[in-house]
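Topology and contacts: notes
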Amino acid sequence: YGAGADDHGCTIVTRGAGPILRKGTVGRSSVSGIIAAVFRATGFLGHYLVQQLAKMGTQVLVPFRGCEDSTRHLKLMGDLGQVVPMKNPIDEDSVKAVMAKANVVINLIGREFETRNYSFEEVNHAMVSIALKVSFLFTLFFIVHVEFL
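Conventions used here
Counting of residues starts from 1 at the beginning of each chain's written sequence and follows it residue by residue. For a predicted model such as this one, the threshold for reporting local features is a pLDDT of at least 70, and the threshold for listing and counting side-chain atom pairs is 80 or more; totals across whole chains, interfaces and linings nevertheless cover every residue. The side-chain numbers reported here are obtained from all heavy atoms of the structure, hydrogens and water having been left aside. When accessible area is computed with a 1.4 Å probe and restricted to protein chains, residues below 20% of their type maximum are described as buried, those above 50% as exposed, and intermediate ones as partly exposed. Counting from the N terminus, the helices are the DSSP runs of H or I reaching at least four residues and the strands are the DSSP runs of E reaching at least two. Here, the arc refers to the directions that run from the helix axis to the C-beta atoms. Contacts are residue-level and defined by heavy atoms, with any inter-residue pair within 4.5 Å sufficient. Strand pairing follows a simple DSSP-based rule, namely that at least 2 bridges must link the two strands. As a rule, the C-alpha atoms of each element are fitted with a line to give its axis, helices using only the stretch in contact, and angles between N-to-C directions run from 0 to 180 degrees. UniProt positions are given in the numbering used here, feature names are shortened, and annotations may be inferred rather than shown by experiment. Like charges within 9 Å and nonpolar side chains (Val, Leu, Ile, Met, Phe, Trp, Tyr) within 5 Å are joined into patches, using only residues over 30% in relative accessible area that form no salt bridge. Each accessible area value is a Shrake-Rupley result obtained with a 1.4 Å probe; residue values ignore everything except the protein chains displayed when judging cover. Salt bridges are defined as contacts in which a side-chain nitrogen from Lys or Arg sits within 4 Å of a carboxyl oxygen from Asp or Glu. What is meant by a nonpolar core is a set of buried Ala, Val, Leu, Ile, Met, Phe, Trp, Tyr and Cys residues, joined one to another through side-chain atoms within 4.5 Å. Orientation labels follow simple angle bins: below 35 degrees gives roughly parallel, above 145 gives roughly antiparallel, 65 to 115 gives roughly perpendicular, and whatever is left gives oblique. If you view the pair so one helix is near and one far, a crossing is left-handed when the near helix is turned anticlockwise from the far one by less than a right angle, and right-handed when it is turned clockwise. Throughout this entry, Asp, Glu, Lys and Arg are counted as charged residues, while Ala, Val, Leu, Ile, Met, Phe, Trp, Tyr, Cys and Pro are counted as nonpolar. The remaining residues, Gly among them, count as polar.

- Within an unreviewed UniProt entry, the label attached to the protein reads 3Beta_HSD domain-containing protein, and the organism entered is Cephalotus follicularis.

Given below as structure tokens:
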């Protein structure tokens, strides 16, 4: 409506969903149209990353391996339905289900020590290779991988 009404839309087309549309002003209650999947979002770096993404209006998919209470603190960072926890991204099919819904994938999986449930080989190599192998099946805008040094 009016002059400059098309300035708020984006011409990027997602898989079968049409163009990404932005709604609202910039901030927590806005919608940027981007859907980001953040693996290992319950960790130290992921906590701050989810906060910044939700502040920009991005819908954040948070796959987690632990109990359902491990993502409870992340749900408060965005509006209702903006931070979506998703259970058990260990096998290849569940990683495909998460990445099929996302435009952007951010991988923060990596540990500096072994736990009783996961070894260095599983965390730093096997889970990362599954995520990268599945990401080639989908057309994603960005894939960001942060490795622990």
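1. With respect to helix α3 (residues 92-99)
- All of the buried residues in α3 are S94, V95, V98 and M99. Taken down its axis, α3 places every buried residue within 135° of arc, on the same side.
- Structurally, α3 contributes buried residues whose contacts are with β3 (35-39), β4 (59-64), β5 (83-87), β6 (104-107) and α4 (120-135).

2. Examining the sheet that holds β6
- Pairing within the open sheet is parallel, and its 5 strands lie in the order β5-β4-β3-β6-β7. Where the open sheet ends on each side, the last strands, each with one partner, are β5 and β7 (142-145). Put simply, the sheet's adjacent strands are angled 20° from each other on average, direction ignored.
- Relative to β6, β3 runs parallel, the two being bridged by 4 bridges.

3. Some words on the UniProt feature "transmembrane region" (unreviewed entry) in the protein
- Mapped onto this numbering, the UniProt entry annotates "transmembrane region" (unreviewed entry) at residues 31-50 and 126-146.
- Across residues 31-50 one finds 35% helix and 25% strand; the C-alpha atoms that close the span lie 15 Å apart.
- The span residues 126-146 carries 48% helix and 19% strand; its end-to-end C-alpha distance comes to 15 Å.

4. With respect to a nonpolar patch on the surface
- Together, F44, L45, Y48, F141, F142, V144 and V146 give the surface a local cluster of nonpolar side chains, amounting to about 720 Å² of exposed area.
- Where the nonpolar patch is concerned, the elements lending two or more residues are α1 (44-56) and β7.
- Take V146: it is sitting in the segment after β7.

5. Focus on the nonpolar core
- By size, the foremost hydrophobic cluster in this structure holds 15 residues, and its most contacted members are A37, F39, M99 and V105.
- Taken together, the elements giving at least two residues each to this core come down to β3, α3 and α4.
- In terms of residues, this core owes the most to one element, α4, which gives 4 residues.
- Sequence-distant contacts of A37, that is, excluding residues within four places in its chain, are made with L61, V98, A102, V104, V105 and I106.
- Listed in part, the 14 residues of the second largest apolar core include A41, V50, L53 and A54.

6. What about the packing of α3 against α4?
- Between α3 and α4, the shortest axis-to-axis distance is 10 Å and the interhelical angle comes to 50°. If you check the angle between α3 and α4, you find them oblique. Crossing of α3 over α4 shows right-handed handedness. Of α4, the residues touching α3 (which contributes E92, V95, K96 and M99) are I130, A131, K133, V134 and S135.
- Looking at side-chain class alone, the contact of α3 with α4 contains 5 nonpolar, 1 polar and 3 charged residues.

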